[in-house]
Structure formats: structure tokens, C-alpha cells
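# Residue-level structure breakdown
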Amino acid sequence: QQQIRIGIAGYGNLGRGVEAAIARNPDMALVGVFTRRAPESVQTLSAQTAVHPIASLPDYRDAIDVLILCGGSKDDLPHQGPEMAAMFNTVDSFDTHARIPEYFASVDAPAKANGKTALIAIGWDPGMFSLNRLYGEALLPDGATYTFWGKGLSQGHSDAIRRVPGVKAGVQYTLPSPEAIKQVRSGTRPELTTRQKHTRECHVVLEEGADAAAVEQAIVTMPDYFADYDTSVNFISEETLRTEHNRMPHGGFVIRSGNTSEAHTQVIEYALQLDSNPEFTASVLVAYARAACRLNAQGQYGAKTAFDIAPGLLSIKSPAQLREELL
Ligand SMILES: NC(=O)C1=CN([C@@H]2O[C@H](COP(=O)(O)OP(=O)(O)OC[C@H]3O[C@@H](n4cnc5c(N)ncnc54)[C@H](OP(=O)(O)O)[C@@H]3O)[C@@H](O)[C@H]2O)C=CC1
Ligand SMILES: N[C@@H](C[C@H]1CC(C(=O)O)=NO1)C(=O)O
């Protein structure tokens with residue numbers, strides 16, 4: 001059985017996670033990493049990993065079965081997604097929830113026009129949590145769904161603050177409201193606003209001479225990321241960032257409580273406890289790369305979300321093995 005040939009576009013936390021995940025999937029082979037930086041400046045996990053300029057990707061159209069896009073959702077994927085979907089089957093973790101419909105359309109057109117398959121918004125949220133919100137609503141139509149994240153490091157929000165002019169480096173932690181969780185677990189199906197469920201805590205290293213007040217204002221008012229939350233911005237040194245903020249744990253849960261009759265309340269819960277947010281997300285991307293390859297072989301072209309993908313396509317096992325072993 002020929003291995004699935006994978007390319008990595010963009011080499012940050014997620015790119016490193018995909019490199020590690022491919023080594024744990026025997027049906028996958030890493031063709032190389034493609035970066036906007038000078039290849040020799042990029043330190044990969046393995047000396048065997050080839051690093052190329054991202055501009056050379058068109059030369060690899062016949063060498064890569066699936067390109068996994070590891071750029072930032074805020075400023076990279078909006079242009080990289082459509083560009084790459086015209087040349088390759090792709091999988092990405094686009095997570096600016098409010099913009100997923102427009103992003104889907106922007107990727108669907110070039111993918112369809114070129115007979116490619118583009119899986120978008122894959123990961124854990126959006127991704128695995130999205131699937132569990134769907135299951136909850138479909139199975140318990142009379143009910144309420146809640147999603148809580150953290151306390152942990154959001155990569156999307158950390159990427160977003162790093163894009164603010166004047167920010168040299170930074171991370172963002174998401175904190176769930178204990179009061180909100182308590183109300184949800186009481187089964188009273190509370191109406192909670194975005195602001196009531198989570199707060200956001202940013203730790204930022206400023207560029208030399210940057211205006212701290214302007215940076216703080218740009219972060220706390222940022223649409224789609226921070227504007228709807230109570231957000232704190234703490235200015236720290238590079239040393240503090242390196243020593244106190246060098247891990248990326250995260251997690252959370254989706255809970256659906258609903259009634260199947262007046263007498264009976266049912267509760268569905270899906271939870272994640274992640275030692276490494278990027279490595280887990282990368283593992284999801286790699287499993288979905290297997291599905292992208294199979295879907296393209298079936299002539300399923302265009303953009304897809306996790307809702308469109310049969311779970312069996314994710315598995316390294318054949319359908320017959322799945323029926324024997326997992327049903
Ligand atoms: N759906 C989900 O559940 C999840 C989605 N995500 C998404 O993944 C995205 C990427 O996250 P993450 O990998 O943490 O982002 P990073 O900031 O680590 O990397 C983003 C891009 O920045 C560039 N880059 C990385 N490191 C450096 C550096 N030291 N100097 C200059 N450029 C650098 C890379 O591009 P290049 O190599 O071309 O320079 C990389 O592709 C997030 O924006 C988020 O939206 C993340 C987690 C979960
Ligand atoms: N997309 C998120 C994954 C989860 C985490 C999160 C948050 O903390 O707001 N929302 O969704 C990420 O980039 O880490």
C-alpha cells in the first residue's frame with residue numbers, strides 16, 4: 001500500500017505537531033516543510049525533514065498527495081487556503097468561527113475548479129467539538145448545548161495577538177467561568193452570553209519603543225477574537241515569556257443536556273485534556289489528511305468540513321477491519 005505523501009505549509013507550533021504526528025502514522029510520509037522564511041533559518045524536529053521556500057510549492061504538485069496548512073487563521077489562511085486548494089488536496093484548522101462561511105466559499109471555488117479536496121476548519125474547535133455539538137443537537141433536539149474551553153493556551157488567539165503591530169511575542173489563556181459551569185451542570189439550561197462564559201488573559205512582549213496603551217487597545221477591541229470578552233493584557237519580558245509561558249496545555253468540554261420525555265433528562269459530554277494543544281490539533285489534521293486523500297480518489301472535490309466526512313475515512317483500518325474491531 002503506497003504511503004500518503006504529506007507536505008506541511010507553514011512551520012510553527014502546528015507545523016511541528018504535524019511533523020511529529022506523521023512519524024506516528026505508518027501509512028504517511030513527509031515530503032517536506034514549506035516556509036515563508038529562509039529554509040536554513042527553520043529548525044525542524046528531525047534532520048531528515050527537508051525544508052523548502054513556500055514559493056516552490058507549485059513544483060511539488062505531483063509529489064504531494066495532501067498539503068496540511070499550518071498558517072495562522074487570522075492573516076495567513078485567508079489567502080493561503082484558496083491559493084493552495086487550487087494546487088493540492090488540503091487540510092487546515094481555520095478557526096475564526098464567524099468567518100468560516102466566507103472562508104469555505106473562498107476555498108471551495110478553486111478546489112472544485114481544479115479537482116481538489118479541501119478540508120477546512122479541522123481540529124478540536126472547530127472540529128471535534130463541532131461534531132459533538134452536532135451530535136448533541138441531533139440526538140437531543142429538546143435540549144441546550146454549552147462549550148467551555150480551558151484554562152489553557154488558545155493558539156488562534158495567541159497567533160492573533162502576535163499579529164498586532166508593536167507585539168514582539170505573546171500568548172493568550174482562556175479561562176472558563178466557574179459560575180457559568182456550575183449553572184450549566186445544575187441542569188437549569190441557563191442563557192449565557194459569550195462574556196459570561198469565558199475571560200481572556202494575554203501576556204505580551206512589546207517591540208522596542210512600542211506604545212503599550214495602543215497595543216492593549218488593539219487587542220481588547222479585536223473583532224471575532226477579543227471584542228466580546230473581558231480581556232486582560234499583561235506586559236512581560238521575553239525572559240518571563242520563555243520561562244513561565246513555554247507550555248501549551250488546553251482542553252475543555254461540550255455538554256448537551258436534553259429531555260427525551262417530561263420525565264427523563266439525558267446528558268451527553270465530550271471532554272479533552274490536552275498536554276499540548278498544537279500536537280493534538282496536528283494529530284486531528286493528519287487523520288483528516290487520510291480522509292482527504294480517500295475523498296479525492298472518490299471524486300469528492302471542493303471544500304468540506306468535519307460534518308461532511310464519514311468517520312471511517314479517518315481510520316488507518318479498512319472498513320472490514322472497522323466492522324470487525326470497532327463496531
Ligand atoms: N481548529 C482548531 O482546533 C485549532 C486551530 N488552530 C489554528 O492554528 C493556527 C496556527 O497556530 P500556531 O501553529 O500555534 O501558530 P504559529 O504562530 O506557531 O505559526 C503560524 C505561522 O507563523 C510562522 N511562524 C511560526 N514561527 C515563526 C517564527 N518564529 N518567526 C516567524 N514566523 C513564524 C509560520 O509560517 P512560515 O513557516 O511560513 O514562516 C507559521 O505557519 C492558529 O492561528 C489557529 O487558528 C490551532 C489550534 C487548534
Ligand atoms: N481554535 C482554538 C481551539 C479552542 C480553544 C479556544 C479558546 O481558547 O478560545 N477555542 O477553540 C485554538 O486555537 O487553540
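Refer to the preceding data block for the structure.
Residues numbered from 1 in each chain as written. Chains lettered and ligands numbered in written order. Predicted model: local features only at pLDDT ≥ 70, side-chain atom pairs only at ≥ 80, totals over all residues. Heavy atoms only, no water.

### Some thoughts on the site of ligand 1
Taken together, 27 residues are adjacent to ligand 1, and Asn13, Thr35, Ser73, Asp95 and Trp124 come closest. With respect to ligand 1, the side chain of Gln155 contributes an N or O atom lying 2.9 Å from an oxygen atom. Within the side chain of Arg162, an N or O atom sits 2.9 Å from an oxygen atom of ligand 1. In the complex, the protein chains occlude 82% of the 910 Å² of accessible area that ligand 1 would expose alone. Of all the secondary-structure elements, those providing two or more residues to the shell around ligand 1 are helix H1 (13-22), helix H5 (155-162) and helix H10 (277-297). Counting residues per element, the shell around ligand 1 draws most heavily on H5, which supplies four residues. Its residues assigned to classes, the shell around ligand 1 shows six nonpolar, 13 polar and eight charged. (Near = heavy atom within 4 Å. Polar contact = N/O pair within 3.5 Å; in protein donor to acceptor, adjacent residues only side chain to side chain. Areas by Shrake-Rupley, 256 points an atom, 1.4 Å probe, with all protein chains shown as cover. Helix = DSSP H or I, 4+ residues; strand = E, 2+ residues; numbered from the N terminus. Nonpolar A, V, L, I, M, F, W, Y, C, P; charged D, E, K, R; others polar.)

### Considerations on the site of ligand 2
Near ligand 2 the following residues occur: Asp95, Trp124, Asp125, Trp149, Ser154, Gln155, Gly156, His157, Thr174, Arg200, His250 and Asn277. Note that a nitrogen atom of ligand 2 is positioned 2.8 Å from one of the backbone N or O atoms of Asp125. Within the side chain of Asn277, one N or O atom sits 2.9 Å away from an oxygen atom of ligand 2. With three residues, the top contributor of residues to the shell around ligand 2 is H5. Tallied by class, residues from the shell around ligand 2 come to two nonpolar, seven polar and three charged.

### Remarks on the packing of H1 against H10
Angle between the axes and distance between the axes: these two values describe a pair of packed helices. Put simply, H1 and H10 touch, their axes get as near as 8 Å, and they point 60° apart. Classified by the interaxial angle, the pair formed by H1 and H10 is oblique. In this structure, the crossing between H1 and H10 has a hand that is right-handed. Between H1 and H10, the contacting residues are Asn13, Leu14, Gly17, Val18, Ala21 and Ile22 on the first element and Pro278, Glu279, Thr281, Ala282, Ser283, Leu285 and Val286 on the second. Partitioned by chemical class, the residues of the contact of H1 with H10 number eight nonpolar, four polar and one charged. (Axes fitted to C-alpha atoms, helices over the stretch in contact; angles between N-to-C directions. Parallel < 35°, antiparallel > 145°, perpendicular 65-115°, else oblique. Left-handed = near helix turned anticlockwise from the far one by under 90°. Contact = heavy atoms within 4.5 Å.)

### Thoughts on the sheet that holds strand E2 (residues 28-35)
Either a parallel or an antiparallel arrangement is found when strands of a sheet pair, and the pairing is made through backbone hydrogen bonds. Here we have seven strands laid out as an open sheet, ordered E3-E2-E1-E4-E5-E6-E14, and parallel in their pairing. Looking at which strands have only one partner, the edges of the open sheet turn out to be strand E3 (51-53) and strand E14 (302-304). Within the sheet, the average angular offset between the axes of one strand and its neighbour, ignoring direction, is 25°. Sheet analysis places strand E1 (residues 4-9) next to strand E4 (residues 66-69), joined by four bridges and oriented parallel. (Pairing = 2+ DSSP bridges.)

### Topic: the packing of aromatic side chains
Inspection of the entire model under this criterion finds five aromatic pairs. Centroid distance Phe34 to Tyr60: 5.0 Å. Interplanar angle 70°. Geometry classified as edge-to-face. Pair noted here: Phe34 is in strand E2 and Tyr60 is in the loop between E3 and E4, with a separation of 26 residues, a long-range link. Here Phe34 falls in the buried class, since its relative accessible area comes to 0%. For the ring pair Phe94 and Tyr103, a centre distance of 4.0 Å and an interplane angle of 10° mean the geometry is stacked. A relative accessible area of 2% places Phe94 in the buried class. (Phe/Tyr/Trp six-rings, centres within 6.5 Å; stacked < 30°, edge-to-face > 60°. Buried < 20%, exposed > 50% of the residue type's maximum accessible area, 1.4 Å probe, protein only.)

### A word on the nonpolar core
Core analysis: the largest hydrophobic core is formed by 39 residues, its most contacted members being Val18, Val91, Leu119 and Tyr288. For this core, the secondary structure elements donating two or more residues are E1, H1, E2, E4, helix H4 (128-139), strand E13 (265-274) and H10. The leading source of residues in this core is H10, at nine residues. Not counting residues within four places of it along the chain, the set of residues in contact with Tyr288 comprises Val91, Leu119, Ile122, Met128, Leu131, Ala306, Ile309 and Leu314. Judged by nonpolar contacts, the second largest core, of 21 residues, contains Leu77, Met87, Ile100 and Val107. (Core = buried A, V, L, I, M, F, W, Y, C linked by side-chain atoms within 4.5 Å.)

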